[in-house]
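Here is what each chain is made of, one letter per residue.
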Amino acid sequence: MIKDFGSDNHAGICPEAWAMMEKANSGYADAYGNDDDSFRAADRIRALFDTDCEVFFVLSGTAANALALASLCKPYHAIVCADAAHIYTSECGAPEFFTHGSRLIPLPARDGKLTIAGLQTAAAMPNGVHQSKLAAVSLTQATELGAVYRPDELRALSGFAHDRSWKVQLDGARFANACAFLNCAPADISWKVGVDVLCFGGTKNGMGLSEALVFFDKVAAQEFAYRRKQAGQLASKMRFFSSAWCGALENGAWLKHAAHANRMALRLRQRIENLPGVELLAPTESNGVFVRLPAAVCAVLRSDGWLFQNFNSGVRIMCSWASTETDIDAFASAITDAIVSARKTV
Ligand SMILES: *Cc1c(COP(=O)(O)O)cnc(C)c1O
C-alpha cells in the first residue's frame, strides 16, 4: 500500500508513457528533437488542441513558466499573478531571472484564482515611467489550491488583459486535471479563451520527465529555439521526453489518468469531510485535498508513515494517476482512527 500523498510528482511514470519510452530505447535516433517521436509528439499536441501551434519540450515546469514569460516580457515589464502562484512562491526567482528583470505583482486570490476585480486593482496601480510596465497575466489551471477556472472566467480575464495589450500565460502543471474536471476539450480552456502561451504539464500526470510549452501566439515563439538552448533546456536525447508524450496522448491515457487522480481526491474528501475537527480549505476540483487537521492528528498520521505536506495553515494531500482506491480508503480510515484516538486523549 502507498502512504505517500506528498505530491503528484512522487508517483512514477505511467505505463503508457513508459512503454513508448522503452520502444524509443531501441537503436539510434537523431538528437535535439530531430527524431520521429519528437515530430509525432508535437503533431499529437497540435491535434489535441485542434489548432496550429508551436510546441517545445522542456525539463521542468519552472523552466516552462520562466521561459514562456521571458518570451512575452521585456526586462522593464511586470507580470500579474495570484499570490499563491507557483511562479511567485516556488520558482527561486526563475521568472525574474529569465526575463532579466520583469517584476511579479502578486495579488490576493481566493483558492489561487485571479479575478477581474484583482486585475482592475493591478490596472489602477501607478504606471508611469517609474514603474514596471504591466505586460502579462499569469494564471494557473488547476490552481495551486486545487481550484479550476471555468471557461467563462478565463475568457473574461484574458479579454480584460488583451484589451490592455497584456499577454496571457497559463501555468498548466495540472492542465489535464482541469480538462478532466470540466469535461471540456483542451482548446476550450486555452487558445479559444485567449491563452497566448500554455505550459502543459506532463510530469505530474505520469509522463515523467518533461513539460510541453505550447505557443498559440506564434510571434511569441519566434527564436524560442535559441532561448531554450541558451537556458540549457534543449535535451539532446529529446526522444525520451517526446516518446512519453506519444504514449500518454495515444488513446487518451493522459486524460484517463488525470480523471482518475481527480476521482481519488474527491473520494478522500468525501470520506473525511464530515469528521470532527476536519476543515476543508479549498474546493476539490482537481487532484488535491486542502484541509486543516488537528496538529495531534497530523502527528499520529506522520508517525505512522503517512506522507503529506504542510500548506498555508493546513495540509495538502495530493493524489496521482497511481493512487488506488485501496490507498485512499486506508488513508481515510487512518485519519478517522487518528481523530478518534486524539479525542479520547483530550
Ligand atoms: C509542480 C508545479 C510546477 C512545476 O514545477 P517544477 O518542479 O519546476 O517542475 C509549476 N506550476 C505548478 C502550479 C506546479 O504545481
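Just above, that's the structure.
Residues numbered from 1 in each chain as written. Predicted model: local features only at pLDDT ≥ 70, side-chain atom pairs only at ≥ 80, totals over all residues. Heavy atoms only, no water.

Thoughts on the overall build of the chain
How we decide: Helical segments are the DSSP runs of H or I of at least four residues, strand segments are the runs of E of at least two, and each set is numbered from the N terminus. The quantity called the radius of gyration is restricted to C-alpha atoms. Its globule counterpart is 2.2 Å times the number of residues to the power 0.38. Two residues qualify as a contact provided that any one of their heavy atoms is within 4.5 Å of a heavy atom in the partner residue. By the counting scheme adopted, Arg and Lys are positive, Glu and Asp are negative, and His together with the chain ends is not counted. To locate a charge, take NZ of a lysine, CZ of an arginine, CG of an aspartate or CD of a glutamate.
Counting secondary structure elements, the chain contains 13 helices and 11 strands. Against the 2.2 N^0.38 benchmark of 20 Å for 346 residues, the chain shows a C-alpha radius of gyration of 21 Å, consistent with a compact globule. Seen through its principal axes, the chain has C-alpha atoms that stretch 65 × 60 × 30 Å. Contacts in the chain between residues far apart in sequence, at least 24 positions, make up 76% of those at least 6 positions apart. Taken together, the 33 basic and 35 acidic charged side chains of the chain have centroids lying 3 Å from each other.

Some thoughts on the site of the ligand
What counts here: Distances are taken per atom, and a residue is near a molecule or strand as soon as one of its heavy atoms is within 4 Å of it. Any N or O atom pair separated by 3.5 Å or less is treated as a polar contact, with the protein-specific requirement of one donor-capable and one acceptor-capable atom, and with residues adjacent in sequence counted only for side-chain atom pairs. Working definition of accessibility: Shrake-Rupley area with a 1.4 Å probe, residue cover restricted to the visible protein chains.
Around the ligand, the structure places Ser60, Gly61, Thr62, Asn65, His86, Glu91, Thr140, Glu144, Asp171, Ala173, Arg174 and Lys204. Between glycine 61 and the ligand, the recorded distance is 2.9 Å, taken from a backbone N or O atom to an oxygen atom. Here threonine 62 contributes a side-chain N or O atom positioned 2.5 Å from an oxygen atom of the ligand. When the ligand is considered free in solution it has 390 Å² of accessible area, and contact with the protein chains removes 82% of it. With 3 residues, helix α3 (residues 61–72) is the largest single contributor of residues to the shell around the ligand.

Quick look at the packing of aromatic side chains
For clarity, the threshold we go by: Pairing of aromatic side chains here covers Phe, Tyr and the six-membered ring of Trp, requires ring centres within 6.5 Å, and sorts the geometry by plane angle: under 30 degrees stacked, over 60 edge-to-face, intermediate tilted. Partly exposed residues are those whose accessible area sits between 20% and 50% of the maximum for their type, while under 20% is buried and over 50% is exposed, using a 1.4 Å probe and protein chains only. Note on criteria: charge over ring means Lys NZ or Arg CZ within 6 Å of the ring centre, with the direction from the centre no more than 35 degrees off the ring normal.
All told, the structure shown has 17 aromatic pairs when counted by the stated rule. Seen in terms of ring centroids, tryptophan 306 and phenylalanine 331 are 4.6 Å apart; in terms of plane orientation they differ by 20°. Their pairing is stacked. Linking tryptophan 306 in the loop between α12 (295–303) and β10 (309–311) with phenylalanine 331 in helix α13 (residues 325–345), this pair joins segments that are 25 residues apart in sequence. Its relative accessible area of 4% is what places tryptophan 306 among the buried residues. In this structure phenylalanine 331 comes out as buried when scored by relative accessible area, which is 0%. Joined through ring pairs, the aromatic side chains of Phe49, Phe57, Phe175, Phe200, Phe216, Trp245 and Trp254 make up one cluster. Stacked on the ring of phenylalanine 160, the Lys or Arg arginine 164 has its end atom at 3.6 Å from the ring centre.

Things to note about the nonpolar core
Convention followed: By nonpolar core is meant a set of buried Ala, Val, Leu, Ile, Met, Phe, Trp, Tyr and Cys residues that side-chain atoms within 4.5 Å join together.
Judged by nonpolar contacts, the single largest core of 61 residues is most densely connected at Ile45, Phe57, Leu114, Leu139, Leu198, Phe200 and Trp245. In terms of residue count, the dominant contributor to this core is helix α10 (residues 239–249) (7 residues). Of all hydrophobic cores here, the second largest spans 26 residues; its members include Cys298, Phe308, Ile328 and Ala342.

What about the environment of arginine 103?
Note that arginine 103 resides in strand β3 (residues 103–107). Linking arginine 103 and proline 75, residues 28 residues apart in sequence, is a C-alpha distance of 8.3 Å. The residues contacting arginine 103, other than those within four sequence positions of it, are His77, Ala78, Ile79 and Ser132.

Brief notes about unusual backbone geometry
Here the amide bond leading from glutamine 141 into alanine 142 is cis, since omega sits at -10°, within 30 degrees of zero. The phi torsion at cysteine 92 lies on the positive side, around 55°, for a residue other than glycine. With respect to the helices and strands, cysteine 92 occurs in the loop between α4 (86–89) and α5 (94–98). Even without a glycine there, the phi angle at serine 165 is positive, about 65°. You can see serine 165 is positioned in the loop between α7 (151–163) and β5 (167–172). Residue serine 165 is classed as exposed on the basis of its relative accessible area, which comes to 63%.

A word on the packing of helix α8 (residues 175–182) against helix α11 (residues 253–272)
Quick reminder of the rule: Here, axes are lines fitted to C-alpha atoms. For helices the fit covers the stretch in contact, and angles between N-to-C directions go from 0 to 180 degrees. Small angles under 35 degrees read as roughly parallel and large ones over 145 as roughly antiparallel, with 65 to 115 read as roughly perpendicular and the rest as oblique. Amino acids are sorted into nonpolar (Ala, Val, Leu, Ile, Met, Phe, Trp, Tyr, Cys and Pro), charged (Asp, Glu, Lys and Arg) and polar (every other residue, Gly among them).
At a minimum axis separation of 8 Å, α8 and α11 run at an interaxial angle of 75°. If you check the angle between α8 and α11, you find them roughly perpendicular. Contacts between α8 and α11 involve Ala176, Asn177, Cys179, Ala180 and Phe181 from the former and Trp254, Leu255, Ala258, Ala259, Ala261 and Asn262 from the latter. In terms of residue class, the contact of α8 with α11 is made up of 9 nonpolar, 2 polar and no charged.

Here we look at α13
Applicable threshold: One less than the number of residues in a helix, times 1.5 Å, gives the span that helix is expected to have. Our arc is simply the arc of the directions from the helix axis toward the C-beta atoms.
Between its terminal C-alpha atoms α13 stretches 30 Å, which fits the 30 Å expected from 21 residues at 1.5 Å a residue. Considered for burial, the residues of α13 that qualify are Asp327, Ile328, Phe331, Ala332, Ala334, Ile335, Ala338, Ile339 and Ala342. Angular distribution of buried residues about the axis of α13 spans 160°; they occupy a single face of the element. Along α13, the residues that are exposed and aim more than 90 degrees away from the buried face are Thr326, Asp337 and Lys344.

Notes on α12
Listing the buried residues of α12 in full gives Val297, Cys298 and Leu301. When α12 is viewed along its axis, its buried side chains cluster within an angular range of 100° and face the same direction. Across from the buried face of α12, at angles greater than 90 degrees, the exposed residues are Ala295 and Ser303. As for α12, its buried residues are in contact with β11 (314–318) and α13. Just downstream of α12, glycine 305 is the residue with a positive phi angle, here 95°.

A word on the pairing of strand β1 (residues 54–58)
We apply this condition: One requirement defines pairing of two strands: DSSP has to find at least two bridges between them.
In terms of burial, β1 is largely enclosed, as 4 of its 5 residues are buried. Here β1 pairs with strand β7 (residues 211–215) via 5 bridges, running antiparallel. Within β7, the position partnered with phenylalanine 56 by the bridge is leucine 213.

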